[in-house]
Amino acid sequence: MSTLLDIKSSVLRQVQVCPSFRRRTEEEPGSTSADPQEPPTGAWKPGDGVEFFSQMRRILKKGEGRQGLPCPEVLLRSGSPAPAEPVDPNRGLRALTQEEVEMLYEEALYTVLHRAGTMGPEQVNDQEALLSYLQQVFSTSPEEHAEAVERVKKAKAPTYALKVSVMRAKNLLAKDPNGFSDPYCMLGILPASGTPREPGSHKEQRFSFRKGSKRGGPLPAKCIQVTEVKSSTLNPVWKEHFLFEIEDVSTDQLHLDIWDHDDDVSLVEACRKLNEVIGLKGMSRYFKQIVKSARANGTAGPTEDHTDDFLGCLNIPIREVPVAGEDRWFKLEPRSSASRVQGDCQLVLKLITTQRDTAMSQRGRSGFLSYLLLLSRLLQFEHRTDEPNSSSWRGELSGPAATVLCLHGAQSNLSALQLAVLHWQVSSRHHQTRTLDYGYLLGLLEDMQAHWEESASLPQEQEESLADSFSAFSEFGLRLLRQLRDYFPATNSTAVYRLELLLKCLGKLQLFQPAFEICPFETELNMDIAAALKRGNREWYDRLLNSKSPREQPGPQRLVGLVELADAVYEDLQSCYGIYASLFHSIVKVDFFTLTFRQLERLVAEEAWVLTEELSTKMTLEVASGLFELYLTLADIQCFWSSIPGRDSRSLALAGIHAPFLPAVKLWLQVLRDQTKWRLQGAVDVDTLEPMDASSKHSSSAATASLCFSHIQELWARLAWPDPSQAQGLGTQLGQDLCEAALFYTQLLRKKVDAQPGAAGEAVSEPLCVVLNNVELLRKAARQALRGLAWPEGAAGLEGVLPRPLLSCTQALDEDLQQEAHTVTAHLTSKMVGDIRKYVQHISLSPDSIQNDEAVAPLMKYLDEKLALLNASLVKENLSRVLEALWELLLQAILQALGANRDVSADFYGRFHFTLEALVSVFHAEGQGLPLESLRDGSYKRLEEELRLHKCSTRECIEQYYLDKLKQKSLEQNRFGRLSVRCHYEAAEQRLAVEVLHAADLLPLDANGLSDPFVIVELGPPHLFPLVRSQRTQVKSRTLHPVYDELFYFSVPAEACRRRGACVLFTVMDHDWLSTNDFAGEAALGLGSIGGVARPPVGGSMRAGQPITLHLRRPRAQVRSALRMLEGRANKEAQEFVKRLKELEKCMEADP
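The following refers to the structure shown. This is a predicted model, so every value here is computed, not measured. The numbers attached to residues start from 1 for each chain and follow its sequence in the written order. Reporting of local features is limited, given that this is a predicted model, to residues whose pLDDT is at least 70; pairs of side-chain atoms are given and counted only at 80 or more, and all residues count toward the totals for whole chains, interfaces and linings. Where side-chain values are given, they derive from all heavy atoms of the structure, hydrogens and water being excluded.

1. A short note on the overall build of the chain
Looking only at helices and strands, one finds 36 helices and 16 strands in the chain. For every residue, the accessible area obtained with a 1.4 Å probe (protein chains only) is divided by the maximum for its type, and the residue is called buried under 20%, exposed over 50%, and partly exposed between those limits. Considering the chain as a whole, with its 1152 residues, one finds that 50% of them fall into the buried category. In short, Shrake-Rupley with a 1.4 Å probe defines the accessible areas, and a residue's cover is counted only from the protein chains shown. Total accessible area on the chain is roughly 55200 Å²; 50% of this is exposed by carbon and sulfur atoms. Going along the chain from the N terminus, every DSSP run of H or I of four or more residues is numbered as a helix, and every run of E of two or more is numbered as a strand.

2. Here's the deal with the sheet that holds strand β6 (residues 309–317)
Pairing between two strands is assigned when DSSP locates at least 2 bridges connecting them. Pairing in this open sheet of four strands is antiparallel, and the strands run β3-β2-β5-β6 from one edge to the other. Lying at the two open borders of the sheet, with one neighbouring strand each, are β3 (224–226) and β6. Recorded for the sheet is a direction-independent mean angle of 15 degrees between the axes of neighbouring strands. Convention adopted: a line fitted to C-alpha atoms gives each axis, helices being fitted over their contacting stretch, and angles between N-to-C directions are expressed from 0 to 180 degrees.

3. As for the nonpolar core
Counting residues in hydrophobic clusters, the biggest one holds 225 residues, and the most contacted among them are L481 and F584. Grouping buried Ala, Val, Leu, Ile, Met, Phe, Trp, Tyr and Cys residues that are joined through side-chain atoms within 4.5 Å yields what is termed a nonpolar core. Among the nonpolar cores identified, the runner-up in size contains 36 residues, and F976, C983, A999 and V1015 belong to it.

4. Some remarks on the environment of Q411
Inspection of the secondary structure puts Q411 in helix α12 (residues 399–411). Along the sequence, Q411 and G367 sit 44 residues apart, while their C-alpha atoms lie 8.5 Å from each other. Excluding residues that lie within four positions of it along the chain, Q411 makes contacts with T111, H114, R115, L351, I352, T353 and R356. We call two residues in contact whenever any of their non-hydrogen atoms come within 4.5 Å of each other.

5. Considerations on the layout of surface pockets
Put simply, the second largest pocket is a space of about 950 Å³. Here a cavity means grid points, on a 1 Å grid over the protein atoms only, where a 1.4 Å probe fits yet cannot get out; a pocket means an open set of points with protein on both sides within 12 Å along at least five of seven lines; lining residues are those with an atom within 4 Å of a point. Along the walls of the second largest pocket sit 31 residues, with V348, K350, L414, S415 and A416 positioned nearest its centre. Elements with a contribution of two residues or more to the lining of the second largest pocket: β1 (159–170), β4 (237–246), β7 (326–331), β8 (344–355), α12, α13 (416–431) and α14 (438–454). Taken together, the residues that form the lining of the second largest pocket break down as 16 nonpolar, ten polar and five charged. Grid points are joined across faces, edges and corners, and a volume is the space filled by probe spheres set on the points. Amino acid classes used here: Ala, Val, Leu, Ile, Met, Phe, Trp, Tyr, Cys and Pro are nonpolar; Asp, Glu, Lys and Arg are charged; the rest, including Gly, are polar.

6. Regarding the packing of α13 against α14
Where α13 contacts α14, the two axes come as close as 9 Å, and the packing angle between them is 155 degrees. In terms of axis orientation, α13 runs roughly antiparallel to α14. Here α13 and α14 pass one another in a crossing that is left-handed. In this structure, α13 contributes A416, L417, A420, V421, H423, W424, S427, S428 and H431 to the contact, and α14 contributes Y438, Y440, L441, L444, L445, D447, M448, H451 and W452. In this scheme, roughly parallel covers angles under 35 degrees and roughly antiparallel covers those over 145, while 65 to 115 is roughly perpendicular and the rest are oblique. Working rule for handedness: look at the near helix, and if it is turned counterclockwise from the far one by less than a right angle, call the crossing left-handed; if clockwise, right-handed.

7. Quick look at the sheet that holds strand β13 (residues 1043–1051)
Pairing is antiparallel in the open sheet, where four strands are placed in the order β13-β10-β9-β16. Among the strands making up the open sheet, the edge pair consists of β13 and β16 (1108–1111). The sheet shows a mean angle of 30 degrees between the axes of neighbouring strands, taken without regard to direction. The pairing of strand β10 (residues 991–1000) with β13 spans seven bridges and is classified as antiparallel. Looking at β13, one finds that E995 is bridged to L1047.

8. So, the pattern of salt bridges
Each salt bridge in this description consists of a side-chain nitrogen of Lys or Arg and a carboxyl oxygen of Asp or Glu lying within 4 Å of one another. Following the criterion strictly, the structure yields 33 salt bridges and no others. For the salt bridge of D486 with R543, the shortest nitrogen-to-oxygen distance reads 3.7 Å. In this pair, D486 sits in helix α16 (residues 484–487) while R543 sits in helix α18 (residues 525–548), placing the two residues 57 residues apart along the sequence. With a relative accessible area of 36%, D486 lands in the partly exposed category. In this structure R543 comes out as partly exposed when scored by relative accessible area, which is 44%. E995 is paired through a salt bridge with R982; the nearest N and O atoms lie 3.4 Å apart. With E995 in strand β10 and R982 in strand β9 (residues 978–986), this residue pair connects regions lying 13 residues apart in the sequence.

9. Digging into the pairing of strand β14 (residues 1063–1070)
Judged by how many residues are buried, β14 sits mostly within the fold: eight of eight residues are covered. The alternating pattern of β14 places C1063, L1065, T1067 and M1069 on one face and V1064, F1066, V1068 and D1070 on the opposite face, and all of these are buried. Note that strand β11 (residues 1013–1020) and β14 share eight bridges and pair antiparallel. Counted as the bridge partner of G1020 is C1063 from β14.

10. As for the pairing of β6
By the criterion of burial, β6 is predominantly enclosed, with seven of the nine residues buried. In this structure, strand β5 (residues 253–260) lies alongside β6, joined through eight bridges in antiparallel fashion. Of the residues in β6, the one forming a bridge with H255 is N315.

11. Brief notes about the packing of aromatic side chains
Classification of ring pairs uses Phe, Tyr and Trp, with its six-membered ring standing for Trp, and accepts pairs whose centres are within 6.5 Å; under 30 degrees between planes counts as stacked, over 60 as edge-to-face, and the remaining range as tilted. Throughout the structure, instances matching the rule amount to 24 aromatic pairs. Ring centres 4.9 Å apart and planes at 35 degrees place the aromatic pair Y105 and F138 in the tilted group. Separated by 33 residues along the polypeptide, Y105 in helix α5 (residues 98–113) and F138 in helix α6 (residues 127–138) bring together distant segments of the chain. Overall, Y105 belongs to the buried group, its relative accessible area being 7%. For F138, a relative accessible area of 6% puts it in the buried group. Through a chain of ring-to-ring contacts, three or more aromatic side chains come together here, namely Y570, Y577, F593, F597, F640 and W641. Cation over ring: K677 sits above F744, and NZ or CZ is 5.8 Å from the ring centre. For a lysine, the NZ atom is tested; for an arginine, the CZ atom; a charge sits over a ring if that atom is within 6 Å of the ring centre and within 35 degrees of the ring normal.

Written out as structure tokens, the structure is:
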């Protein structure tokens, strides 16, 4: 019998793609079921696999940071100061000679001693403090300083001039009938007029350039300038600029009148000629003549109707003009307290010097150059060498320094654009000698750009100087970008921010390029940046290659360094994409990532191709391990490129690089197989088969096995072999190796538990529970790992569907591990079989006098104790397995108890029915245990049926027999054929009419392939129809489709037909002349559904009812259970019924 089963098993296994790993392992030559085959020792150093898997975890950990595209938050790990940038003292401004320093010192002292105007609140107003500061800046002794100051004081004072820009006015009075005015301005410098007038009670009269003034005496104006007339407006805009020479800064004042132009005489043109008059006396006479001429030529009468109307005036003392100049709105004033004026006028005022008695001025050195040298000197002094973090200095000048520069810039008449240019030139040069904050330099460029858009272009000499500074700074910046990774590492947020500001500075330089007549750049700056980056990439790579994998080393030694080199390249590409790329693209429009990736990927690919070709003939385990790790990094580089939208890895130099690595990968996977077995064996050897901790129910070896399988799955995901056919071979072999390792582990566990000291006693139950949990954890881990070994199957492959070979491996392993779990479960529950039978026997032997719950109590207590222990020791899946096994044991024990007790009271069966329902409640546990559907299936149905029938009388059992026949349905409706009948009840004659019409597709029961069928028609149960005999049709020879058309009458009352179980039974037999007739099939029809039985007919005959097709069948187990119940009864009625049915069963032994 066992041989036949083995043959059947082998035939079934051949149908599957992947055979059972359990049977395959057990059938290997030289292996036994008790001792698992140990892994070979030649693949790697045997050990316990710990070192190998440690290396494997290191490889996997390296890949964890390579999932998806990098984000800046992950890469920027440090906020420490940025690395120091290279500086060169020779890149600053030219060093001054001693004579030039003395001249510059004199220029600075002259500026301070001859300052004019009002000092602002942020400026130093103390002259001695300013002189002392300059002494420190120029490092002069007190004697030298005092001598220089005296020398400067004796020099001739400078000539001052006032620059006035009349910008606009607003809200003027309307003097014309049209509601507007035609305003213009007359302005000039009023000299000192003696001592200031003391305020009195009389009306104050203010000076004005009045037309038609009747006061005598010359007008005290040095120079009168007039703006253009702006017609019909109350908010005129002039933007006209004037320059007035100042004789006495402390007493002179600027006077401005605004008039509404009313007559035809052009006073404006006449007033412009005043600039040609030399001397105060001549100017006064000339102005009088202009006024008289205007009156004589005009048509106005004595009332002077066409005299210009006064709109307001301003009087501004020169001494109140701020030294830095001012741009301000002034409120217009009346000529007297009786005048009515309104509005404001915007003026830009600046007090400058036109002649300076200094050596630098005498030698023709411009104020632009003097300011540049002075600013450079002050900047060097302010940026002290003891600055703790010089790279963060933003050019903050002290109060004295800012005041001196403000004075010199104003006195030298430098425009805002020139000042911005000078600060940029000096600071950018200074930055190359001592590092400044790039934010400060960027601010200087933005300030210069803003003034550039407002002002005219610079003189050619100054523009050339600015272009030189741009060239020097861009050259310096490109040199830094070549060494980007050294000075702006991607992991340092401070350095990255400095890089961003540097790029913004370079970007600003690009914006100035179209504005220069003399272009400082030979090519586009972004092209220079790209070239510098390429050169820097190559220099960085060559430096890395020479340090890690020099070409003069042997191949195996170079391999280790090349792995490190590839890892460094990958990390660098991550930095390029996550940090640098967005900066370069958004600021200077350079695609840094693509440029760098293409260059570095090509260089790495060249090294990899050469090295793999060299090592192909030197393949050892160490070489294979190194090549495997190298390939993973190269594949990561490819995947990194492919993960970016719109990028195609087929154009890369690394495309197809997997081909030369295939032998190394195969060898490494073989090593993985052997090391996995060694690791599992080492884990089981030290396993105590106890739970790891309170939160887990498996032991340490199961955790190790699960971790190993997880590592294998992760490694396969990282491998991602691109060739589908090769991936199928690798994946299938790896899957089979994993399955073998899983079964190898279960064999080790079985051997371990069998060797436990108390294997035959009760104490082994806890280790068995741990083993069962280990098997379940292993099953889940192996299934998850196998599902993770899927490979691409081309365009036809469906995502999420396992390839067929892997699916077969998974199914075979799951079947074997399920079988192993059932084996351990059976071993665990076998210890409880004796106790269960004992407690069930106790229930059967309990007297009828005690209560049911009292009789069942010992069994329930025993189950409570055992189930509590199992619940605490097993995981949910295993608890369900054990509960199912225990449930089946209990049902079989109760069935055996029922079979051993015959002719007992109904209370006996009622007690076991009570016991059965109590057990259902225990094992269901309010939904926490087994589901009710599972509990009330299989053996439960059989047991419940027997208990129910045992409580019934003989006639009730016979009725149940016929009810079961009515409920029975043919599983294969066409197997035994069909029978067509027609039945009705004739109430008038009190008889049942049964018409057998025909049959079809009967079983061939004769040797000729046909049958000789006839039909037996009888009513049941017999006790309902005691006087009714069965009837039969004629025999139809040699046919499987007989036609009868025979009508039979049964005289029975309608009441009997309505009883429970009443039916007509059709039995089809094959007539044999020389032997017993053969049973062909049967069918039952309930009489309650026949027309005329349920209700009397209303007119007409019931014979015209529709035919009924019945499917023939054979009696099944649930029908025979009532028969077995009747067999155990000794009363005559039961015995006669059983005897008649057994005679019928003899005819059924020829069942095909």
